[in-house]
Amino acid sequence: MHVSRRTVLAVAAGGLLTGCSRSAAPSPAPASPTPASSPSSVAATGSPPPSTPPAAIPSKAEIVARYGKQTPTSWGLTVPGALSRLPASGKTAALTFDACGGKGGGDYDRALIEFLRQRSVPATLFINSRWIEENPSVFKELATDSLFEIANHGTRHLPLSVAGRSAYRIPGTRNAGEVYDEVSGNRAKLTDLLGRPPRFFRSGTAYCDDVAAKIVTDLGERFASFDVNGDGGATFTPAQVHQAMQSVRPGSVVIGHMNHPKGGTAAGMRLAVPHLLDTGYTFVRLSDAVKA
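First, a word on scope: everything that follows refers to the structure included in this document. All values reported here derive from a predicted model rather than from experimental measurement. (Residues numbered from 1 in each chain as written. Predicted model: local features only at pLDDT ≥ 70, side-chain atom pairs only at ≥ 80, totals over all residues. Heavy atoms only, no water.)

1. A look at helix 9 (residues 265-278)
Under the convention used in this document: What counts as a helix is a DSSP run of H or I of at least four residues, what counts as a strand is a run of E of at least two, and both are numbered from the N terminus. For a helix, the expected span equals 1.5 Å multiplied by the number of residues minus one. When accessible area is computed with a 1.4 Å probe and restricted to protein chains, residues below 20% of their type maximum are described as buried, those above 50% as exposed, and intermediate ones as partly exposed. Whether two residues are in contact is decided by their heavy atoms, any of which lying within 4.5 Å being enough.
If you check helix 9, its first and last C-alpha atoms are 20 Å apart, about what 14 residues at 1.5 Å a residue would give, namely 20 Å. Within helix 9, burial applies to Thr265, Ala266, Gly268, Met269, Ala272, Val273, Pro274 and Leu276. At its buried positions, helix 9 is contacted by strand 2 (92-99), helix 3 (110-118), helix 8 (238-244), strand 11 (253-257) and strand 12 (282-283). Gly280 sits one or two positions beyond helix 9 and adopts a positive phi of about 100°.

Right under this line is the structure:
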């Protein structure tokens, strides 16, 4: 079935990231990160260890003092400091898949992950704290697979704002302190489980303002956006996913979802990825292309 580019763009605009739950869990995030490892840590190989010791992470009070009175100048999917394309040259691209958790967002697209394994295609998986709680055994399985890199998709799956901005009717964080909580809560969980902190962060809906992006950087991570919307928030049919993936160019970062097995993501990627491989593309994890 042929799907026009106009149709794909219209669906993307109307429901960009509906694959992520529209409701945030009411429980507050931890006030500060936990130590870098614990006896229950997963011996993960999905992300290379940092080449240098990590810098000290500021406390919540320090973040509020530093950014609490700053006014954002930009808001959206691409803000200063965000990673939306790879710096690598050549026909290299990155597949990234979000797992959002919460109401309607806690499922697992095993067919998608098994396809990536069959073709030895690496990917960066942005996983929300709620999804981990709903899928602990699957998370452990993914975390120990060197094909995948685990990244931070937030604690309550909120748009990241120091001014209370909303995206797709999802209220965002309201101030610098809440930005800290949204990033650091799941950062602490992932650090405890993986034995190392994640390197990349993507907010719920992928929306962010420039001040919040600076806070992410200060907390030791890089805000990751994208330049190809691969599945329209898990709303695309396989044909629409295939067509959207035709927009991949050297350096592209693709966003998709791994929490909606009934969507068209897996089948669409099965159509699109082999063609890209046949035309000379190489897929990498974000950490493979973006060095510390």
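Further notes follow.
2. Side note on the packing of aromatic side chains
The criterion, for reference: Each pair of aromatic rings taken from Phe, Tyr and Trp, with Trp reduced to its six-membered ring, is defined by centres within 6.5 Å and is described as stacked if the planes are under 30 degrees apart, edge-to-face if over 60, and tilted in the remaining cases.
The tally for this structure, following the rule as stated, stands at four aromatic pairs. Considering the side-chain rings of Trp75 and Tyr207, the 5.4 Å spacing of their centres and the 50° angle between planes classify their relative orientation as tilted. One end of the pair, Trp75, is in strand 1 (residues 75-76); the other, Tyr207, is in the loop between strand 7 (200-201) and strand 8 (208-209), with 132 residues separating them in the sequence. Judged by centre distance (6.1 Å) and plane angle (70°), the ring pair of Tyr108 and Trp131 falls under edge-to-face. Residue Tyr108 is found in the loop between strand 2 and helix 3, and its partner Trp131 is found in helix 4 (residues 129-134); the two are separated by 23 residues along the sequence. Across this residue pair, the class does not change: Tyr108 and Trp131 are buried.

3. Structural notes on the side chain of Ser84
Its place among the elements puts Ser84 in the loop between strand 1 and strand 2. Since its relative accessible area comes to 17%, Ser84 is described here as buried. Apart from the residues within four sequence positions on either side, Ser84 is in contact with Thr78, Ser225, Phe226, Asp227 and Val253.

4. Observations regarding the environment of Val79
Structurally, Val79 is set in the loop between strand 1 and strand 2. The class of Val79 is buried, set by a relative accessible area of 4%. The residues contacting Val79, other than those within four sequence positions of it, are Ser74, Cys208, Asp209, Asp210 and Ala213.

5. Description of the nonpolar core
Taken as a class, soluble globular proteins show a tendency for nonpolar side chains to be buried jointly. Spelled out, the test is: We call a set of buried Ala, Val, Leu, Ile, Met, Phe, Trp, Tyr and Cys residues a nonpolar core when their side-chain atoms join them within 4.5 Å.
Ranked by size, the top nonpolar core spans 40 residues in total, and within it Leu95, Leu125, Phe139 and Leu142 carry the most contacts. At five residues, helix 9 tops the list of elements feeding residues into this core. Setting aside its immediate chain neighbours within four residues, Leu125 contacts Phe97, Ile113, Leu142, Phe148, Glu149, Ile150, Ala151 and Met258. One finds Tyr67, Ala176, Tyr180 and Val211 within the second-largest nonpolar core, a separate group that totals 19 residues.

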